[in-house]
Amino acid sequence: MTSFNKRFMVGLASIAALGLALSGCGSSGNSASSDSSSDKVEITYMHRLPDGEGMTLVNDIVKKWNDAHPNIQVTATKFDGKPAEMIKKLETDIKSDAAPDLAQIGYGELPEVFNKGMLQDVTTEAAKYQNNFASGPFDLMQVNGKTYGLPQDTGPLVYYYNATEFQNLGLSVPTTKDELIETAKKAAEQGKYIMAYEPDETGYMFSGLAGASDPWYTVKDDAWVVNTQTDGSAAVADVFQQLVDAKAATTNPRWDASFDTSLQDGTLIGTIGAAWEAPLLQSSAGDTGKGEWRVTQIGDWFDNGGKTGSDGGSGVAVLKNSKHPAEAMEFLNWFNTQVEDLTSQGLVVAASTEAAKTPDSWSEFYGGQDIMKEFATANDNMGDFAYIPGFSAVTAAMTEAAAKVVDGSGKVEDIFSAAQTTSVDTLKNLGLTVSE
């Protein structure tokens, strides 16, 4: 097994045990029940892909399929809201038998969606396509040995920085926590910021950074063991608290216009972000710093040996009400292996059918660097982490606590205590056993 595939065995021991700790709510639909007649089959697919400028649009990718498969026609719909809002919509649509056949589901959302009985077991069909995907992400689409879709992408955390600005300021990319704090302060003295505290991104970013060394969730004796206040969490809290206290990091929410402004006016010259942010950061910056930005690995900033974590990553699942799961999976295997097109959407693709190439438009912004190679290195360097059912409630609580840090009414460590309380309460509210 390659190191790439080994990395993706993310929390698989916990995932395997997940079926024991979850209520058995997943649908056991049989893919053999799909319509085998020659009549045209209509498949619907809901996604959250960005479809931004310069990307190969999802509808254009789907058109290639439709043109070549007149008997299996697919209609794709983009959902513009937040992931949690999409889950709520899908839950409502399933109850009214109006849900799509396929839907993009984050790895962190899959246990919750399974627990709500929204998924269809497509184990038999998935086995036909298993060799087309890295083993880890394929397994992350499973619960208790049953498969509910196919993986699409991953989201390793990396460091984005403006190399020209660093050089002009006489700065080097820090490799240790002390170097990070010192360098951030030096930059701030000159009106520049090499780090961003993003309160609206703490849910996945902070769990990824902290969980890179100390996973938060395990299962023992059929009960969940929860510990979000680990040494890794304390290290993350310490670093960001020092940065905020020293006013050595921006505090704009990532998805607020003010964050884009900080890039466009050249104030923000470095930030941690997921691999899928590469084209989004480019879009946010506009022409500012074009050709000057680079991607590198996160240093040993959080006392974890330089390991990184995951911020997002998702697969596509077959929903409970789909009447054509076999055809849906046939399309999905094709779609999720369109590596070049999906890479243009900013994805670090889970397909193992071909190596991803850095798109030309990205290469211009990142100074000709092969950033896809850098992302592959980050994939190999990720620590283990598994999610709990209801993790969306945990991220919401973390985001609320994170906002209080900006106005001075809270501390960064409060984010992790909020995660602990909410994790335990969420599992208990779902009727699941928690080890005290």
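Before reading on, note that the structure itself is shown above.
Small disclaimer: the values here were computed from a predicted structure and weren't measured.

1. A short note on the overall build of the protein chain
(1) Moving on: A tally of regular secondary structure across the protein chain gives 19 helices and 12 strands.
(2) Moving on: Relative to the globule expectation of 22 Å for 436 residues, the C-alpha radius of gyration of the protein chain, 21 Å, shows essentially globular dimensions.
(3) Moving on: Across its three principal axes, the protein chain shows a C-alpha extent of roughly 70 × 50 × 40 Å.
(4) Moving on: A buried classification covers 58% of the 436 residues belonging to the protein chain.
(5) Moving on: In the protein chain, the proportion of contacts linking residues at least 24 apart, taken out of those at least 6 apart, comes to 81%.
(6) Moving on: Split by element, the accessible area of the protein chain, about 17,000 Å² in all, is 45% carbon and sulfur.
(7) Moving on: Counting 31 positive and 59 negative side-chain charges, the protein chain places the centres of these two groups 1 Å from one another.

2. Considerations on the pattern of salt bridges
(1) Moving on: Under the criterion given, the structure shown has 17 salt bridges.
(2) Moving on: Note that glutamate 109 and arginine 48 form a salt bridge whose closest N and O atoms lie 3.7 Å from each other. Residue glutamate 109 is located in the loop between β3 (102-106) and α5 (110-115), and its partner arginine 48 is located in the loop between β1 (41-47) and α3 (58-68); the two are separated by 61 residues in the primary sequence. No difference in accessibility class separates glutamate 109 from arginine 48, as the two residues are buried.
(3) Moving on: When salt bridges that share partners are traced, they join Glu91, Glu112 and Lys116 into one network.

3. Here's the deal with the packing of aromatic side chains
(1) Moving on: In total, this model carries 29 aromatic pairs according to the counting rule given.
(2) Moving on: Geometrically, the ring pair formed by phenylalanine 240 and phenylalanine 302 is stacked, given 6.1 Å between the ring centres and 10° between the ring planes. A residue pair is termed long-range when its members are at least 10 positions apart, and phenylalanine 240 in helix α11 (residues 231-245) and phenylalanine 302 in the loop between β10 (293-296) and β11 (310-318) qualify at 62 residues.
(3) Moving on: By relative accessible area, which is 1% here, phenylalanine 240 ends up buried.

4. Re the nonpolar core
(1) Moving on: Ile194, Met195, Phe206, Leu209, Phe240, Ile272 and Phe302 are the most contacted members of the largest nonpolar core, which totals 55 residues.
(2) Moving on: Mapped by element, the contributors of at least two residues to this core are β6 (149-162), α9 (177-189), α10 (202-211), β7 (217-220), β8 (223-226), α11, α18 (391-406) and α19 (413-429).
(3) Moving on: Ignoring any residue separated from it by four or fewer positions in sequence, one finds phenylalanine 240 in contact with Met195, Ala196, Tyr197, Phe206, Leu209, Phe302 and Val412.
(4) Moving on: One finds Val316, Ala328, Val339 and Leu342 within the second-largest nonpolar core, a separate group that totals 31 residues.

5. Comments concerning the pairing of strand β2 (residues 72-78)
(1) Moving on: In this structure, β1 lies alongside β2, joined through 7 bridges in parallel fashion. If you follow threonine 44 over to β2, its bridge partner there is threonine 75.

6. Points about helix α14 (residues 325-336)
(1) Moving on: An ideal rise of 1.5 Å per residue puts 16 Å on 12 residues; α14 measures up with 16 Å between its terminal C-alpha atoms.
(2) Moving on: Taking burial as the measure, the 12 residues of α14 include 11 buried ones, the bulk of the element.
(3) Moving on: Every buried residue belonging to α14 is among Pro325, Ala326, Glu327, Ala328, Met329, Phe331, Leu332, Asn333, Trp334, Phe335 and Asn336, and all of these are buried.

7. With respect to the pairing of strand β9 (residues 270-274)
(1) Moving on: Among the 5 residues of β9, 5 are classified as buried, and the element is accordingly described as predominantly covered.
(2) Moving on: Taking every second residue as pointing to the same face, both faces of β9 are buried, with Gly270, Ile272 and Ala274 on one and Thr271 and Gly273 on the other.

8. Re the side chain of threonine 426
(1) Moving on: Position of threonine 426 relative to the elements: it lies in helix α19.
(2) Moving on: Residue threonine 426 is classed as buried on the basis of its relative accessible area of 12%.
(3) Moving on: A polar atom in the side chain of threonine 426 sits 2.6 Å from the backbone oxygen of threonine 422.
(4) Moving on: Contacts of threonine 426, omitting those with residues within four sequence positions, involve Pro389, Gly390 and Ala393.

9. With respect to the layout of surface pockets
(1) Moving on: By volume, the largest pocket amounts to about 1,400 Å³.
(2) Moving on: Lining the largest pocket we find 43 residues, and of these Lys82, Pro83, Glu201, Trp255 and Trp276 sit closest to its centre.
(3) Moving on: Residue assignment for the lining of the largest pocket shows that the elements contributing at least two residues are α4 (83-95), β3, α10, α13 (278-285), β11 and α18.
(4) Moving on: Residues that form the lining of the largest pocket fall into these classes: 14 nonpolar, 15 polar and 14 charged.

Conventions and cut-offs
Residues numbered from 1 in each chain as written. Predicted model: local features only at pLDDT ≥ 70, side-chain atom pairs only at ≥ 80, totals over all residues. Heavy atoms only, no water. Helix = DSSP H or I, 4+ residues; strand = E, 2+ residues; numbered from the N terminus. Rg over C-alpha atoms; globule rule 2.2 N^0.38 Å. Buried < 20%, exposed > 50% of the residue type's maximum accessible area, 1.4 Å probe, protein only. Contact = heavy atoms within 4.5 Å. Areas by Shrake-Rupley, 256 points an atom, 1.4 Å probe, with all protein chains shown as cover. Lys, Arg positive; Asp, Glu negative; His and termini not counted. Charge placed at Lys NZ, Arg CZ, Asp CG, Glu CD. Salt bridge = Lys/Arg side-chain N within 4 Å of Asp/Glu carboxyl O. Phe/Tyr/Trp six-rings, centres within 6.5 Å; stacked < 30°, edge-to-face > 60°. Core = buried A, V, L, I, M, F, W, Y, C linked by side-chain atoms within 4.5 Å. Pairing = 2+ DSSP bridges. Expected span 1.5 Å × (residues − 1). Polar contact = N/O pair within 3.5 Å; in protein donor to acceptor, adjacent residues only side chain to side chain. 1 Å grid on protein atoms, 1.4 Å probe; cavity = no way out; pocket = protein on both sides within 12 Å on 5 of 7 lines; lining within 4 Å. Points joined across faces, edges and corners; volume = space filled by probe spheres on them. Nonpolar A, V, L, I, M, F, W, Y, C, P; charged D, E, K, R; others polar.

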